[in-house]
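Working through the structure, step by step
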Amino acid sequence: MIYNTIEALVEYALRKGLIDESEQIYSRNRILDALHKKNFEPAEPRRDASLNELLRTLTDYAVQKGLCSETTESRDIFDTRLMNCLTPRPREVNRMFFERYKKSPRDATDWFYKFSGDVNYIRRDRIDRDRRWKIDSEYGEIDITINLSKPEKDPRDIAAAGKTASASYPPCQLCVENVGYAGRIGHPARANHRVIPVTVSGEGWFFQYSPYVYYNEHCIVFNSRHVPMVINRGAFDKLFDFVRQFPDYFVGSNADLPIVGGSILSHEHFQGGRYTFAMEKAEIEHSFTVSGFEDVACGIVKWPLSVIRLRGRDSKRLSDLAERILKKWRAYTDEEAMIFAETDGVPHNTITPIARRRGADYEIDLCLRNNLTTPEHPLGLFHPHAQRHHIKKENIGLIEVMGLAVLPARLQKELDLLEEHIADGRDISSNDTIKKHADWAKTFAPALKSRPRKEIRAVLEKEVGKVFLKVLEDAGVFKRDKNGMEAFLRFIRSI
């Protein structure tokens, strides 16, 4: 079983173009070495197994032989080592990418995205587990996903990590030092990870895909140096330079302050991809002109967060105006709207920018952010409010800003339990796992008792979507009412 699985894995790599015929024996021997096998018996390759099944068989063997433990993280490290036996070296990956780029950027990214899945860096079997749906709203069609592709921490791995000396290499999970890194408990395996060098505004950066793929061709572009996130004129120029080189992609940056920023503020990076979010399709509800920038189309976007859209043929002019808006916003205070540029010397205002091409034009959305905390809202005034935490408590970053809810894995089990309790008419507050949802469920559950499970699930998903829309409105610095719009226009006039 082991030998025919090895042969099937090598045949898979040959079929996917990861190796050629001259590398078959070499690749087989690398796999044998990883399995501590000193012998090989020719065998007919398995024909009935997926990549995931082949890797599981070999990793099961490794667990039996004591080559790795049975925890998910340990198994991931080992099966990634197996895939690295079949993954081309970085120089060859770069050559293949740029050969295709000469034909078109789209050819290059199509190939690299497929490659990242073929080498199992993007674990397609896990991505397929994510629960996804859409809801209609006044702002357009909103995307909802429950992220199940990130493996949950095993208590045995947590205990093992506590007994292991701390390590500072790679410096962070974005750094280029992750390329080819075997991984350890507490740091994901990246032996099969490959990145593409790109020049962004004259600086060395790298391009890769996210292993978790929250949307189509979800990519990450990161600085070759481990430098912190910053939103400034340089950031706008870099975003435009990237979409100039990859016009099929949008690209955006998380904000550079805690609460309203991303999970990694210590390393400058952007996220992009080939996907059209609801925010991109949202219409302009108020157009305006900025003196000296009559060549730039400006408007307030109809969106739950506070977004200014700029569009024009010259990206430099858009960067000039975006910089002006950023500087005005950094220093802007409107006490009536509870917007304070700083308190006790701590700055609060920043921007989440997203750039894209519109034919020959460039476009940038500037989402105004503020991370003020108050006694009533200690996690952030413009952060999901406490009554929404049963669904979403985490920060609202770039992806959520654009209209994709990335919800915690716990919700999968909780929604299944809610479905059961609603169908049976059971008391939701009596179950410790879902009692936090009881008050929310009372608004729609009674009418669903004894209804078909499919109908109950559809209603639950719609109601989750409504909560996410409220979460986005919480994050909007200018609220979606008469007073909020008047406050937004006061800021526009200040520009």
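Presented here is an overview of the structure given in this document. Everything numeric here is computed off the predicted structure, so don't read it as measured data.

**Focus on the overall build of the protein**
The helix and strand inventory of the protein stands at 16 helices and 15 strands. Rg of the C-alpha trace for the protein: 25 Å, near the compact-globule value of 23 Å for 495 residues, within the 12% margin. Its C-alpha atoms give the protein principal-axis dimensions of roughly 75 × 60 × 45 Å. When each of the 495 residues of the protein is scored for burial, the buried share is 55%. For the protein, the proportion of contacts with a sequence separation of at least 24, taken over those separated by at least 6, is 64%. Of the roughly 22100 Å² of accessible surface on the protein, a fraction of 49% belongs to carbon and sulfur atoms. Side-chain charges in the protein split into 76 positive and 72 negative, and the spacing between the mean points of these groups amounts to 2 Å.

**Here we look at helix H9 (residues 233-245)**
Look at H9: 19 Å from first C-alpha to last across 13 residues, which is about the 18 Å you get at 1.5 Å a residue. Considered for burial, the residues of H9 that qualify are Arg233, Ala235, Phe236, Lys238, Leu239, Phe240, Asp241, Phe242 and Val243. The N-terminus of H9 is capped by Asn232, whose side-chain oxygen sits 3.0 Å from the backbone nitrogen of Gly234.

**Here we look at helix H3 (residues 51-64)**
In this model H3 runs 20 Å from its N-terminal to its C-terminal C-alpha over 14 residues, within 8% of the 20 Å that 1.5 Å per residue would give. Of the positions making up H3, those classed as buried are Leu51, Leu54, Leu55, Thr57, Leu58, Thr59, Tyr61 and Ala62. Each element contacted by the buried residues of H3 is listed here: helix H1 (2-15), helix H2 (24-34), helix H4 (72-84) and helix H6 (105-118). Just beyond H3, the residue with positive phi is Gly66, at close to 75°.

**A few points about the sheet that holds strand S1 (residues 131-137)**
Strand order in this open sheet of three strands is S1-S2-S15, and the pairing throughout is mixed. Lying at the two open borders of the sheet, with one neighbouring strand each, are S1 and strand S15 (404-407). Neighbour-to-neighbour, the strand axes of this sheet turn through a mean angle of 20°, independent of strand direction. Relative to strand S2 (residues 140-146), S1 runs antiparallel, the two being bridged by seven bridges.

**As for the nonpolar core**
Within the largest apolar cluster, 91 residues are counted, with the highest numbers of intra-cluster contacts made by Ile31, Phe207, Ile308, Leu310, Phe478 and Phe491. Tallying contributions element by element places H1 first for this core, with eight residues. Aside from chain neighbours lying at most four places away, what touches Ile308 is Phe288, Gly299, Ile325, Ile364, Asp365, Leu366, Leu368, Phe488, Phe491, Ile492 and Ile495. In this structure, Trp133, Tyr214, Leu398 and Leu418 belong to the second largest nonpolar core, which totals 52 residues.

**Let's talk about unusual backbone geometry**
Residue Pro170 is bonded to the preceding Tyr169 through a cis peptide linkage, with omega at -10°. Take Pro170: it is sitting in the loop between helix H8 (155-162) and strand S3 (196-200). Here the phi dihedral of Val213 falls at roughly 40°; this positive angle occurs in a residue that is not glycine. In this fold, Val213 is placed in the loop between strand S4 (203-209) and strand S5 (219-223). Taking the relative accessible area as the measure of exposure, Val213 reaches 6% and is therefore buried.

**Side note on the side chain of Asn120**
The residue Asn120 is located in the loop between H6 and helix H7 (124-127) in this model. Note on Asn120: relative accessible area 8%, which makes it buried. Not counting residues within four places of it along the chain, the set of residues in contact with Asn120 comprises Leu51, Leu55, Met83 and Asn192.

**Digging into the pattern of salt bridges**
Side-chain pairs of opposite charge can arise where the charged atoms are in close proximity. The final tally for this structure, using the stated rule, is 57 salt bridges. A salt bridge links Glu419 to Arg453; the nearest nitrogen and oxygen atoms lie 3.0 Å apart. In this pair, Glu419 sits in helix H13 (residues 410-424) while Arg453 sits in helix H15 (residues 453-475), placing the two residues 34 residues apart along the sequence. Residue class for Glu419 comes out buried when judged on its relative accessible area of 6%. Note on Arg453: relative accessible area 40%, which makes it partly exposed. Each of the salt bridges in this network shares a partner with another, and the network as a whole consists of Arg131, Asp416, Glu419, Arg453, Arg457 and Glu461.

Rules of the game
- Every chain is numbered on its own, with residues counted from 1 as its sequence reads.
- At least 70 in pLDDT is required for a residue's local features to be given in this predicted model, at least 80 for side-chain atom pairs to be given and counted, and no such filter applies to totals for whole chains, interfaces and linings, which use all residues.
- Processing note: side-chain calculations cover all non-hydrogen atoms of the structure and skip hydrogens and water entirely.
- A run of H or I in DSSP counts as a helix once it spans at least four residues, and a run of E counts as a strand once it spans at least two, with each numbered from the N terminus.
- Atoms counted for the radius of gyration: C-alpha only. Globule rule: 2.2 Å times residue count to the power 0.38.
- To sort residues, take the accessible area from a 1.4 Å probe on protein chains only and compare it with the maximum for the residue type: under 20% means buried, over 50% means exposed, and anything in between is partly exposed.
- Contacts between residues were defined by any pair of non-hydrogen atoms, one from each residue, lying within 4.5 Å.
- Residue-level accessible areas treat just the shown protein chains as cover; the underlying method is Shrake-Rupley with a 1.4 Å probe.
- For this count, His and the chain ends are skipped, Lys and Arg are scored as positive, and Asp and Glu as negative.
- The atom standing in for a charge is NZ when the residue is Lys, CZ when it is Arg, CG when it is Asp and CD when it is Glu.
- Residue count minus one, scaled by 1.5 Å, sets the expected span of a helix.
- Pairs of N or O atoms within 3.5 Å make up the polar contacts considered here, provided that, within protein, one atom can donate a hydrogen while the other can accept it, and that residues adjacent in sequence are counted only when both atoms are side-chain atoms.
- For two strands to be treated as a pair, DSSP must find no fewer than two bridges joining them.
- Lines fitted to C-alpha atoms define the axes here, with helix axes fitted over just the stretch in contact, and angles between the N-to-C directions of these axes take values from 0 to 180 degrees.
- As used in this record, nonpolar core signifies buried Ala, Val, Leu, Ile, Met, Phe, Trp, Tyr and Cys residues forming a set joined through side-chain atoms within 4.5 Å.
- In what follows, salt bridge is the name for a side-chain nitrogen of Lys or Arg lying within 4 Å of a carboxyl oxygen of Asp or Glu.

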